[in-house]
Amino acid sequence: MVVIIGSDHGAFEAKESLKESLNGHEIIDVGTDSADSCHYPEYAVALVREVIKRDTIGIILCGSGIGVSMVANRYAGIRAALVRTTEEARLSREHNNSNVLCLGGRISSEDEIKEIVKTWINTPFEGGRHSIRLSMFENLGEKMD
Ligand code: RB5
């Protein structure tokens, strides 16, 4: 699977560590490329654009995960979930068909992040009644230009 990944400086080390654990997937890293201070919206936007263009999934991190989740969810077609536990990761796939996973590099440990990502990638969407609910908000939000 193609997985887009990105972060700001607040989760740069967590992103690098996570990439090493994602064997068997094609990883496209949209940055940042160092721990120097930067602006999380730039990387969230870059990630979302790749997710939409390639019709795939993405994992975006910042210090808390909050800022990047706000940015990502402004785009039509993006269902970004801010996740702290493997249970939330599972539910965000089964019920919400999340296609962008948002994580906090200053909140979750590198080991927790790897477990959350493993659960998230390997859990399928349940469909059924959940599809109806998703269709109720799929046309909200800004369109990508
Ligand atoms: C950067 O200091 C921090 O604000 C950012 O990583 C993120 O937590 C924003 O939501």
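Going along each chain's sequence as written, the residues are numbered from 1 onward. Where totals are concerned, whole chains, interfaces and linings use all residues; where local detail is concerned, this predicted model gives features only for residues with pLDDT of at least 70, and gives and counts side-chain atom pairs only at 80 or more. Only hydrogens and water are set aside; all other atoms, that is, all heavy atoms of the structure, feed into the side-chain values.

Chemist: Before we go on, may I ask you to explain unusual backbone geometry in this structure?
Modeler: Of note, the bond from Gly31 into Thr32 is cis; its omega dihedral lies within 30 degrees of zero at 5°. Secondary structure counts use DSSP, requiring at least four H or I residues in a row for a helix and at least two E residues in a row for a strand, with both numbered from the N terminus. Its location among the elements puts Thr32 in the loop between strand E2 (26–29) and helix H2 (40–54). With phi around 50°, Asp55 is a residue other than glycine that occupies positive phi space. Assessed through its relative accessible area of 70%, Asp55 is described here as exposed. Unusually for a residue other than glycine, Asn97 sits at a positive phi of about 50°. Mapped onto the elements of the fold, Asn97 is located in the loop between helix H4 (86–94) and strand E5 (100–104). Only protein chains enter the calculation, and the probe is 1.4 Å; a residue is then buried if its accessible area is under 20% of its type maximum, exposed if over 50%, and partly exposed in between.

Chemist: Help me understand H4, please; the structure alone is not making it clear to me.
Modeler: Since there are 3.6 residues in each turn of an α-helix, residues three or four apart along the chain are aligned in direction. Among all positions of H4, only Ala89, Ser92, Arg93 and Glu94 are buried. In this analysis, two residues are considered to be in contact whenever any of their non-hydrogen atoms come within 4.5 Å of each other. Looking at the buried side of H4, the elements it contacts are strand E4 (80–82), helix H5 (110–122) and helix H6 (129–135).

Chemist: Can you help me understand a negative patch on the surface in this one?
Modeler: A cluster of acidic residues, Glu13, Glu20, Glu110, Asp111 and Glu112, forms a negative patch at the surface. Residue contributions to the negative patch peak at three residues, all from H5. Following the sequence through the fold, Glu112 ends up in helix H5. Patch membership needs two things, relative accessible area over 30% and no salt bridge, and members are linked within 9 Å if like-charged or within 5 Å if nonpolar (Val, Leu, Ile, Met, Phe, Trp, Tyr). In this description, accessible areas are obtained by the Shrake-Rupley approach with a 1.4 Å probe, and a residue is regarded as covered only by the protein chains that are shown. Any Lys or Arg side-chain nitrogen found within 4 Å of a carboxyl oxygen on Asp or Glu counts as a salt bridge. By the counting rule applied here, Lys and Arg register as positive and Asp and Glu as negative, while His and the ends of each chain are not counted. To locate a charge, take NZ of a lysine, CZ of an arginine, CG of an aspartate or CD of a glutamate.

Chemist: Is there a simple way to think about the site of the ligand in this case?
Modeler: Here a residue is considered near a molecule or strand provided that any single heavy atom belonging to it is located within 4 Å of it. The full set of residues close to the ligand is Asp8, His9, Tyr40, Cys62, Gly63, Ser64, Gly67 and Arg106. Counting of polar contacts relies on pairs of N or O atoms within 3.5 Å, with two restrictions inside protein: one atom must be capable of donating a hydrogen and the other of accepting it, and residues adjacent in sequence are counted only when both atoms are side-chain atoms. Interatomic distance of 2.9 Å between a backbone N/O atom of Gly67 and an oxygen atom of the ligand. Summarising the interface, the protein chains cover 69% of the accessible area of the ligand, which totals 290 Å² for the free molecule. Residue polarity follows a fixed list, in which Ala, Val, Leu, Ile, Met, Phe, Trp, Tyr, Cys and Pro are nonpolar, Asp, Glu, Lys and Arg are charged, and the others, Gly among them, are polar. In terms of residue class, the shell around the ligand is built from two nonpolar, four polar and two charged.

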